[in-house]
Amino acid sequence: MSSLQGKTLLVTGASSGIGRALCELLVARNANVLGVTRNPSALSEDVSPIVADLTKREEISSIFHGLGKIDGLVNCAGVAYLSRIIDGNPTDWEEMWRVNVMALSQCCQLSLKHFPANGGRIVNVCSMSGHRVPPSGGFYAPTKFAVRAVTDALRSELKSIDSPIQVGSVSPGFVDTPMLEQYFRGREESLTKTKAAMKMLDPFDVAWTILCILEAPPHVEIGDILVRGSGQHM
Ligand SMILES: NC(=O)c1ccc[n+]([C@@H]2O[C@H](COP(=O)([O-])OP(=O)(O)OC[C@H]3O[C@@H](n4cnc5c(N)ncnc54)[C@H](OP(=O)(O)O)[C@@H]3O)[C@@H](O)[C@H]2O)c1
């Protein structure tokens, strides 16, 4: 029996890719799953929708109004544009910063008072781009370096107040989700080449690594899991 049975988990980015795959695995373990999205019709079966646009601070706050106890928060929502520092559009940078960093941080903060006294777990979806800067990846990597720093800062802060809430992250390489079309927007030939060059991770591969963190015994705190498809070189 999974330790997640009967537990309540809040998942952002629940409508697509990694977040949607995770929701399916959680439902299969009889967890109560609350999924944050702008598109509730895209959620998988038995996921309770919470509609919010994560670029808007008030809508992020509204996720937590009237929310009861949760045992876990998984921040999967993210935006990726290949938008360079030398010539990218700052509007793209701003959207990435808001969703990838600000919304994730605000969700972490607002979730804290919803955890039971014996704690729970927060998992932030980072990226291999939070560990090294891809040569032409533009502003996406800076947002993921920030996710890594926010995760480490939150973990230290929680320990400094003796909170039993654990914080971890997963850092995937390329995953075959709709995000890749967004990232390679206007550079479709690069996407075709990248897909031909390696077997990418499936969203369920990454969802499984998130489950490893969520289902670990209580005395085991996993800080980060770096996971690439075996054909990915960096
Ligand atoms: N795919 C990869 O290669 C890869 C690699 C490393 C890390 N990651 C990270 O993994 C996470 C999940 O990515 P994915 O590949 O699963 O992407 P995806 O399939 O494109 O899904 C992105 C999710 O983010 C949500 N989202 C985006 N903007 C939002 C907004 N303004 N308000 C609310 N929700 C918003 C979307 O929800 P709605 O549009 O329904 O609202 C969607 O559920 C991201 O943090 C990404 O950076 C992905």
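First things first, this report covers the structure right here in the doc. Only a predicted model underlies this, so the values are computations on that prediction, with no experimental measurement involved.

**Focus on empty space enclosed by the protein**
Left-over empty space is what a probe sized like a water molecule reveals as it rolls over the atoms. Within the structure shown, the criterion is met by one cavity of 30 Å³ or more. Quantified by volume, the largest cavity comes out at close to 50 Å³. In terms of residues, the lining of the largest cavity owes the most to one element, helix H3 (residues 90-111), which gives five residues. When grouped by side-chain class, the residues that make up the lining of the largest cavity number six nonpolar, three polar and no charged.

**Comments concerning the environment of Val27**
Structurally, Val27 can be placed in helix H1 (residues 17-28). Sequence separation of Val27 and Val79 is 52 residues, and the distance between their C-alpha atoms is 25 Å. When neighbours within four sequence positions are excluded, Val27 is seen to be in contact with Val33, Glu45, Asp46 and Val47.

**Examining the packing of aromatic side chains**
Applying the stated criterion to the full structure yields five aromatic pairs. Ring geometry for Trp93 versus Phe139: centroids 5.3 Å apart, planes at 20°, classification stacked. You can see Trp93 sitting in helix H3 and its partner Phe139 sitting in the loop between strand S5 (121-125) and helix H4 (140-160), a full 46 residues away along the chain. An aromatic cluster of three or more residues is present, and its members are Tyr140, Phe174, Tyr183 and Phe184. Directly above the ring of Phe145 sits Arg148, whose terminal nitrogen or CZ lies 5.7 Å from the centroid.

**Considerations on the pairing of strand S4 (residues 72-75)**
Covered by surrounding structure in S4 are Gly72 and Val74 together with Leu73 and Asn75, the residues of both alternating faces. As defined by bridge partners, strand S1 (residues 8-12) adjoins S4 across four bridges and the pair is classed as parallel. Following the sheet pairing, Leu10 is matched in S4 by Leu73. Here four bridges tie S4 to S5, and the two strands are oriented parallel to one another. Counterpart to Leu73 in the pairing with S5 is Ile122.

**Some points on the layout of surface pockets**
The calculated volume of the second largest pocket comes to roughly 400 Å³. Around the second largest pocket, the lining is made up of 18 residues, and of these Lys7, Gly120, Arg121, Leu214 and Pro218 lie nearest the centre. Classifying every residue of the lining of the second largest pocket by side-chain character gives eight nonpolar, six polar and four charged.

**Some details on the nonpolar core**
Ranked by internal contacts, the top residues of the largest apolar core, which has 41 residues, are Leu10, Ile63 and Ile122. Among the secondary structure elements, those contributing two or more residues to this core are strand S2 (32-37), helix H2 (57-64), H3, H4 and helix H5 (179-183). At eight residues, the largest contribution of residues to this core is made by H3. Those residues in contact with Ile63 that lie beyond four places of it in its chain are Leu10, Val36, Ile50, Ala52 and Leu54. Within the second largest apolar cluster, 30 residues are counted, among which are Val11, Val74, Val206 and Ile225.

**Details of the packing of H2 against H3**
The packing of two helices is summarised by the inter-axis angle and the distance between the axes. As a packed pair, H2 and H3 sit with axes 10 Å apart at the nearest point and diverge in direction by 30°. For the element pair H2 / H3, the angle class is roughly parallel. The handedness of the crossing between H2 and H3 is right-handed. On H3, the residues touching Arg57, Ile60, Ser61 and Phe64 of H2 are Ala103, Gln106, Cys107, Leu110 and Ser111. Classifying every residue of the contact of H2 with H3 gives five nonpolar, three polar and one charged.

What counts and what doesn't
- Residues numbered from 1 in each chain as written.
- Predicted model: local features only at pLDDT ≥ 70, side-chain atom pairs only at ≥ 80, totals over all residues.
- Heavy atoms only, no water.
- 1 Å grid on protein atoms, 1.4 Å probe; cavity = no way out; pocket = protein on both sides within 12 Å on 5 of 7 lines; lining within 4 Å.
- Points joined across faces, edges and corners; volume = space filled by probe spheres on them.
- Helix = DSSP H or I, 4+ residues; strand = E, 2+ residues; numbered from the N terminus.
- Nonpolar A, V, L, I, M, F, W, Y, C, P; charged D, E, K, R; others polar.
- Contact = heavy atoms within 4.5 Å.
- Phe/Tyr/Trp six-rings, centres within 6.5 Å; stacked < 30°, edge-to-face > 60°.
- Lys NZ or Arg CZ within 6 Å of the ring centre and 35° of its normal.
- Buried < 20%, exposed > 50% of the residue type's maximum accessible area, 1.4 Å probe, protein only.
- Pairing = 2+ DSSP bridges.
- Core = buried A, V, L, I, M, F, W, Y, C linked by side-chain atoms within 4.5 Å.
- Axes fitted to C-alpha atoms, helices over the stretch in contact; angles between N-to-C directions.
- Parallel < 35°, antiparallel > 145°, perpendicular 65-115°, else oblique.
- Left-handed = near helix turned anticlockwise from the far one by under 90°.

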